[in-house]
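# Fold and geometry: a report
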Amino acid sequence: MRKATVVGEPAQPRKRKKRRWWKRLLAYLMLLLLIILLGGMTFAGVLYYQVAQMMPSVSVIENYQPREASFIYSADGVLLARIAEEYREPATLKEIPKHLINATIAKEDRRFWQHSGVDWRGTARALWVNLTEGDIRQGGSTLTQQLARNVFLTQQRTVSRKMQEIILAQEMERRLTKERILELYLNQVYYGNGAYGVKAAARVYFNKPLERLTLAECALLAALPQRPSGHDPFSNPDEAIFQRNLTLNLMAQEGYITPDQRDAAKAEPLRLAHTRPRTRFLAPYFVMDVLRELETLYGRELLLQGNLKVYTTLHMEMQRAAEAALQRGVQAFSSQGVTQGAVVLIDLRTGQIRALVGGVNFRRSQYNNITQGRRQPGSAFKPIVYATAFELGKLTPNSTLSDTPMSLPSGVRGKYWRPQNADGKFRGSVSVTRALASSINIPAVRAAQLVGADKVVEFSRTRFGIASPLDPVLPIALGASAVRPLELAKAYSVFALGGSRIEPYMLRRVVDRNGVALLEQQGQITPNVLSKQSAEWMDAILRQAVVSGTGKAAARIPNARGKTGTTSDYRDAWFVGYTDEYLAVVWVASEYYNPQTQRWEYRPMRRVFGGTVCARIWADLMEQVNAIEKRLQARGGRPSAPVVEAPPVPEPEPPVLDDTDDADVPPAIAPPPESPTQGNPEPPATSGVSAAPTSAPAAPRDTEATPTLADGAPRNAPPPTPPRSAPPPTPEFVTVAICADTGLLATDYCPEVVMKRFEKGKEPKRRCTKHGIGRR
């Protein structure tokens, strides 16, 4: 018999071949998977290594200190300004209410006490919710991750940045306690309206210290960091209440509060601060000059975030006296067109600037007429001319000069300059003392002619410390070239100090966060710039000018000496005067805003003289200063003595401004940008002269007969040269506007914008494209 199986024998090899094909495919797939796995692990390892190289050092993490404000104090211990890029008030964890801590954890990171920096379950949950909702509804970052991102990283949403965040969060958890992480977070996070940290937020939204916050208020604050502008209770109270109640529900779910507490807090009405807080500077013109000087010395970064203690020369009581005297004087003569003015007070014993008022209204204009402005000094410049003649041996106080008509080439063919006296009269021969005390013009021109205009310019620069551009032409004798008021103060100190020149200064001491003194400064005197004889002669003549000359309105001040100045058409009026202890410069003008040119300009006042307006303001100020000095001496001290560093004064609660002494200012420290309201005033047209000469500009007739020329001072003129002190090396940083949602450069359409600082070169370069028209 034949076997039946013979027919099916050829099918067996096919099954074996089929099984071998699947085995080979499976082996290839396994090999490919292994290669991908090894490659991925290698890539992850390399990426981890590269990310780790960009991480901050362990010491930086362990010793991290939040950015803190710098504080500027007056010589008598008054807090003048708190300077910060951000409004931040540090608080310890013990100061922060338990309800606020629990509300933050319930809202932002309910497993904070359990995870080790990264909540993988929370991340997976957030990923699932976002995928199912089709939008980013939840964030998977823990409080530690948020802190790592805010403190050490950027807001860019990239894989490498996310890995940095995860690694750094885990490293922080190893190095820091949970309590320390929580404290840093609550001091670092942004709550909107410029407030960083819970203490600042409590002040901004409720005008309360932390310990007085209610449960409802704690819940509202805890809800803000997620979207500060969207949940802003000032502009969106309904949404803020909704988010507050949501936080209260979460707190009840986590067992932090009882249902009864939750319901009671939900029923609490929203009680916000009456107004949003505003940055306040006392003595704002002085403070802005101090800020410019500090930025030059130490840079913007250290000033805004270095927790510096800055002790200045300003005496707040004297500053108030100067502000009040100027305001009274401007108001008293407002009917004659006086609208603007400035005052500076200097202690002649030390060179310390005790008061500085750069204008009548800081909110209207931040332009400092004392240190930035240049105006024609008029007859207030004459003492420099006569002192030059004294020093060169050309004149003495008893010398006589001719007060007769003069006709000088103007530099234009067929045109002559004929200087005039204020009253149009000529007195023949007059003594130098009478000519200067009575401010007679023609003798001053003859004195300048005697020594040469170039010599007057030379002495003005080398002996009297005037750095403004001066034209070496004869009208300089009548104050044709514009100077800064502070320069006139330096020049007159030569007469007050017997021939030595003092350098006014504002900074006494600067201390860093560790108590190390970065700057300790005392007054600098340049000795013997003028002979003692010449200085004493001029001092005696300036006394005569007050007793019987044009400055008689200041005669009620004991032993006062000074000189008036009034320019053409009464555009500027001056008084520069001093006693044995103090020197002050007063200037007034009529400033108005020209809508056609969009600039602040000057116009003539109505018979406003330096001797009637400025001398009265000066005497008003000096009466108060002398009274303050007597009180200080009675208490056993004086403002000119070395001032012991005052202990930090507690920062006052943000007040509501009601006058121009306290001014709203931006937190940035740079000088105010050029704007239509701060343009350089146009020079007034010269009257009585048909052409401007090149060698001898015309001086039209006026109270003290000074020519009307352009002041030549740009509004962005730099402040006086700062004292020498080598700044510590600091990295360079930039601050840019960032979209809080994408971490990229913000555009006009981004709903949430925060200002972030970056080391230069590491700031985001791309602009946000997520938000735009139709996508808001």
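Procedures and definitions
Residues numbered from 1 in each chain as written. Predicted model: local features only at pLDDT ≥ 70, side-chain atom pairs only at ≥ 80, totals over all residues. Heavy atoms only, no water. Helix = DSSP H or I, 4+ residues; strand = E, 2+ residues; numbered from the N terminus. Buried < 20%, exposed > 50% of the residue type's maximum accessible area, 1.4 Å probe, protein only. Contact = heavy atoms within 4.5 Å. Core = buried A, V, L, I, M, F, W, Y, C linked by side-chain atoms within 4.5 Å. Salt bridge = Lys/Arg side-chain N within 4 Å of Asp/Glu carboxyl O. Axes fitted to C-alpha atoms, helices over the stretch in contact; angles between N-to-C directions. Parallel < 35°, antiparallel > 145°, perpendicular 65-115°, else oblique. Nonpolar A, V, L, I, M, F, W, Y, C, P; charged D, E, K, R; others polar. Pairing = 2+ DSSP bridges. Expected span 1.5 Å × (residues − 1). Patch = residues over 30% accessible without salt bridge, like charges linked within 9 Å, V, L, I, M, F, W, Y side chains within 5 Å. Areas by Shrake-Rupley, 256 points an atom, 1.4 Å probe, with all protein chains shown as cover. Polar contact = N/O pair within 3.5 Å; in protein donor to acceptor, adjacent residues only side chain to side chain. pLDDT = per-residue confidence, 0-100.

## Some remarks on the overall build of the protein
Of regular secondary structure, the protein possesses 20 helices and 24 strands. When each of the 776 residues of the protein is scored for burial, the buried share is 53%. Long-range contacts, defined as pairs at least 24 residues apart, comprise 71% of the intrachain contacts of the protein with a sequence gap of at least 6.

## Considerations on the side chain of Lys208
Among the structural elements, Lys208 can be located in the loop between α8 (198–206) and α9 (215–223). Judged by relative accessible area, Lys208 falls into the buried class, the value being 17%.

## Points about the environment of Thr247
On the secondary structure map, Thr247 appears in helix α10 (residues 237–253). Along the backbone, Thr247 and Glu108 are 139 residues apart, and their C-alpha atoms lie at a distance of 9.6 Å. Among residues more than four places away in sequence, those in contact with Thr247 are Ala103, Lys107, Ala219, Ala222 and Ala223.

## Details of the nonpolar core
In terms of nonpolar packing, the biggest core is built from 92 residues, with Ile72, Phe286, Tyr386, Phe464, Tyr492 and Phe495 touching the most fellow members. It is helix α12 (residues 284–305) that provides the largest number of residues to this core, a total of 12 residues. Sequence-distant contacts of Tyr386, defined by excluding residues within four places in its chain, comprise Leu395, Leu401, Val432, Ala435, Leu436, Pro443, Ala444, Ala447 and Met538. Counting 38 residues, the second-largest nonpolar core is a separate cluster that includes Val360, Phe609, Ala619 and Met622.

## Observations regarding the pattern of salt bridges
Considering all chains together, one arrives at 23 salt bridges under this definition. In this structure, the salt-bridge partner of Glu183 is Arg180, at a minimum N-O distance of 2.9 Å. With Glu183 and Arg180 both in helix α7 (residues 178–188) and three residues apart, this pair spans about one turn of that helix. For Glu183, a relative accessible area of 19% gives the class buried. For Glu217, the salt bridge goes to Lys208, with nearest N and O atoms at 3.0 Å. When its relative accessible area of 5% is taken as the criterion, Glu217 is described as buried. What you see here is one network of salt bridges that share partners, running through Asp347, Arg349 and Glu629.

## What about the packing of helix α3 (residues 98–108) against α7?
Two elements in contact, α3 and α7, have axes whose closest approach is 12 Å; the angle formed by their N-to-C orientations is 90°. The orientation of α3 relative to α7 falls into the category roughly perpendicular. Counting all contacts with α3, which are made through Ile101, Thr104, Ile105 and Glu108, the residues of α7 involved are Leu182, Tyr185 and Leu186. Grouping the constituent residues of the contact of α3 with α7 by class yields five nonpolar, one polar and one charged.

## Quick notes on the pairing of strand β20 (residues 582–594)
Of all 13 residues that make up β20, 11 are buried, and the element is covered over most of its length. Connecting strand β19 (residues 572–578) to the antiparallel partner β20 that follows it, the hairpin turn spans three residues. Taking the residues that link successive antiparallel strands as the turn, the β20-strand β21 (residues 599–603) hairpin has four residues, and the phi of Gln598 there is positive, at about 55°.

## Considering the sheet that holds strand β4 (residues 190–192)
Here we have three strands laid out as an open sheet, ordered β3-β5-β4, and mixed in their pairing. Every other strand in the sheet has two partners, leaving β3 (87–88) and β4 as the edge strands with one partner each. Examined bridge by bridge, β3 and strand β5 (residues 195–196) share two bridges and lie parallel to one another. What sits directly across from Tyr87, in β5, is Ala195.

## Observations concerning helix α18 (residues 485–496)
In a regular helix each residue adds 1.5 Å, so 12 residues correspond to 16 Å; α18 covers 17 Å between its end C-alpha atoms and thus fits that length. In terms of residue burial, α18 counts as a mostly covered element, since 11 of its 12 residues are buried. Along α18, the residues classified as buried are Pro485, Leu486, Glu487, Leu488, Ala489, Lys490, Ala491, Tyr492, Ser493, Val494 and Phe495. Within two residues after α18, Gly498 carries a phi angle of roughly 70°, on the positive side.

## So, a nonpolar patch on the surface
Together, Leu31, Leu34, Ile35, Leu37, Leu38 and Met41 line one region of the surface with nonpolar side chains, adding up to about 590 Å² of accessible area. Residue placement: Leu38 occurs in helix α1 (residues 12–53).

## Observations concerning the sheet that holds strand β16 (residues 517–520)
If you walk across this open sheet you meet the five strands as β2-β1-β7-β15-β16, and the pairing is mixed. Two strands bound the open sheet, and with one partner strand each, they are β2 (79–83) and β16. Between one strand and the next, the sheet's axes are offset by a mean angle of 15°, whatever the strand orientation. As paired elements, strand β7 (residues 309–312) and strand β15 (residues 507–511) share four bridges and run antiparallel to each other. From the neighbouring strand, Val310 faces β15, where its bridge partner is Val510.

## Describing the side chain of Arg501
Note on placement: Arg501 falls in strand β14 (residues 501–503). Of note is the side chain of Arg501, whose polar atom sits 2.9 Å from the backbone oxygen of Arg463. If we skip the residues at most four places from it in the chain, Arg501 touches Thr462, Arg463, Phe464, Gly465, Lys490, Ser493, Val494, Gln524, Ile525, Thr526 and Val529.

## Digging into the confidence of the model for the protein
On average, residues of the protein score 79 in pLDDT, and 73% of them reach the 70 mark or higher. Within the model, the stretch residues 640–703 combines pLDDT values under 50 with 176 contacts to residues more than four positions away or in other chains.

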